[in-house]
Amino acid sequence: MGKADPAKKLHTKMRLWEFPDEYVIEPTDGPSGSSLAISRVDGSIKLIDDIPQCSSLRVPKIRTIFGVVGLLKLLAGSYLLVITERECVGSYLGNPIFKVSSMKVFPCDHSLKNTPAEQKKMETEFSGLLNVAEKTSGLYFSYDVNITLSAERLHDLGDESKLLPLWRQADPRFLWNSYMLEVLIDNKLDPYLLPLIQGSFNNFQAAIGKDIIDVTLIARRCTRRIGTRMWRRGANSDGFVANFVESEQIVQFNGCTASFVQVRGSIPLFWDQIVDLTYKPKFEIVRLEEAPRVVERHILDVRKKYGNVLAVDLVNKHRGEGRLCEKFANAMQHVVSDDVRYLHFDFHQICGHAHFERLSLLYEQIENFLMKNRYFLLNEKGEKVEVQLGVVRTNCIDCLDRTNVTQSMIGQKMMEFQLRRLGIFYAEETISTHPNFDESFKILWANHGDDISIQYSGTPALKGDFVRYGQRTIQGILKDGWNALMRYYLNNFCDGTKQDATDLLQGHFIVSVPRDMTPTSQKGGIEAIASFPLAFALIMTGFLFASMSLRRVRNDFWQLLFSILWASISLAIAAFVKANGRVFCNRPRLHQPCR
């Protein structure tokens, strides 16, 4: 299903030669063919038939690589990104899936020797972002199947499309290295064009009686407004939203394949949370007059790709979240129709911090939509007998914690529905009646939520103990408190740099030297001291001050937590950042947004 023409098959294993003036990538996974040479002077590429002769004085370094991620052009040099380690994590519709365990950047920057000093300084600053890029988490690929497409879309590809190279079959929204592949595409280097997605991939096998079923959960993160929590919120003018993720749950049994897709994404308005040292920065809603148009663009795009839409909004109805909820609900009234519905469910008000079983109240309201819009199903002959006609689009503020709890509930209900259809479950049978299967299913969704959360916020998901164990635990609540503190630190001190690295890789900015700007290399103020050990020391000092105010807090646990949090940070570092506006750690300067 969806395999490319063998004649255009991707190279799966290669040898990278590091010569003084060029890199040479030699395929080692089959009959000898042309090798790829990349100049270390200007990043130009060409195919060569023979490996250059080695000098006895300078023997080239040789290493094994498993894929070419792409080539990135900066101010004066180009940079080659390759996969140096991979891990097989399972299969997608019978095809092996790999996770990128290690990625390395090789500079092609010898031309820097002849560039002005100012450009050299800026090149160093920008190339430093690639050190962050090397640590990008959650990258997956396959040499044999297009994993950017759901099972249904893959099945519906025309015969001609199925013969195209995988990068040409790919959904551009989820092709993580699309920008970095452009140079290779221009040079028609199909065997080297390896499509990557960022997201999550988890699966397990389980026995129910004598039946063995295979369950897979895959997340595809959209690159259109990709970024980090606090630094990427809301929508852009095209209606693309932050943290938009397609989650597909697949069941395979006796040759049958059932697939169910959900999506999540930020509230599609123009809004921000400016990082300013407060635990929850104020929500800034701008250009309200454009809200109906942006919401309409976003919902129509979802409608075009997935069919009918049920937008489930889980945010609070009071304070800052309440303002967002109100504006979103008002804007949705312009697009609500027979094909598009909007439903608000105040997660915190109804479920609190522990009673997540009350999500059954939400399910009662959406069950009719789920049953009507179904799921995708292939029988044992590979014939399509069901199609998914619509999608549930879920959001909270971050589209992480409340969203993942809710999506796991919907996924469980649809899984039970599918298993009854396949004859594995009786009419009233549920996943919870099979303890081993139930445990594996919960772990599947908990890992899924953690993976997405790490990519957006830097920490595992909150409320993950309920998804993993079916109930809230003291250990889970304490872990959530620690993760909340870590998110605070990362948002304020690290995510600015991470956002710049992401924008650089995605081609969302053109790197250039502004005419009116002289680059500076000095680091002062908060930029010079923002490191985790020092920040941690300041936080511990803050705890001393917080202990002096315990009598005022009395028995209010949450007030105590916020008092400790604020005391830990404000007294130690507020003076350093007051003059800097936003708080960031070594945040470089990107120019000229182009996408």
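All values reported here derive from a predicted model rather than from experimental measurement. (Residues numbered from 1 in each chain as written. Predicted model: local features only at pLDDT ≥ 70, side-chain atom pairs only at ≥ 80, totals over all residues. Heavy atoms only, no water.)

## Here's the deal with the overall build of the protein chain
- On a plain count of helices and strands, the protein chain comes out with 18 helices and 20 strands.
- Counting across all 595 residues of the protein chain, residues that qualify as buried make up 55%.
- Restricting to contacts in the protein chain with at least 6 residues of sequence separation, those with at least 24 account for 69%.
- Total accessible area on the protein chain is roughly 26600 Å²; 51% of this is exposed by carbon and sulfur atoms. (Helix = DSSP H or I, 4+ residues; strand = E, 2+ residues; numbered from the N terminus. Buried < 20%, exposed > 50% of the residue type's maximum accessible area, 1.4 Å probe, protein only. Contact = heavy atoms within 4.5 Å. Areas by Shrake-Rupley, 256 points an atom, 1.4 Å probe, with all protein chains shown as cover.)

## Re the packing of helix 6 (residues 291-306) against helix 7 (residues 319-332)
- Taken N-terminus to C-terminus, the directions of helix 6 and helix 7 make an angle of 70°; their axes are 9 Å apart at the nearest point. Put simply, helix 6 runs roughly perpendicular to helix 7. Here Ala291, Pro292, Val295 and Ile299 of helix 6 lie close against helix 7, whose contacting residues are Phe328, Ala331 and Met332. (Axes fitted to C-alpha atoms, helices over the stretch in contact; angles between N-to-C directions. Parallel < 35°, antiparallel > 145°, perpendicular 65-115°, else oblique.)

## Topic: the nonpolar core
- Counting residues in each nonpolar core, the largest one holds 46 residues, and the members touching the most others are Leu362, Ile366, Leu419 and Phe437.
- Considering each element in turn, this core owes the most residues, six residues, to helix 10 (residues 401-421).
- Excluding anything up to four places from it in sequence, Leu362 contacts Val312, Leu314, Leu343, Phe345, Thr406 and Met409.
- Core analysis: the second largest hydrophobic core is formed by 33 residues, Val263, Cys325, Ala329 and Val335 among them. (Core = buried A, V, L, I, M, F, W, Y, C linked by side-chain atoms within 4.5 Å.)

## Concerning the state of the cysteines
- One pass over the full model with this rule turns up zero disulfides.
- In this structure Cys399 is a free cysteine whose sulfur lies 5.3 Å from that of Cys396, the closest cysteine sulfur available. (Disulfide = S-S within 2.5 Å.)

## Structural notes on the pattern of salt bridges
- For the coordinates displayed, the defined rule picks out 24 salt bridges.
- The shortest N-O distance in the salt bridge between Arg173 and Asp171 comes to 2.8 Å. For the pair formed by Arg173 and Asp171, the shared burial category is buried.
- The shortest N-O distance in the salt bridge between Arg374 and Glu386 comes to 2.9 Å. (Salt bridge = Lys/Arg side-chain N within 4 Å of Asp/Glu carboxyl O.)

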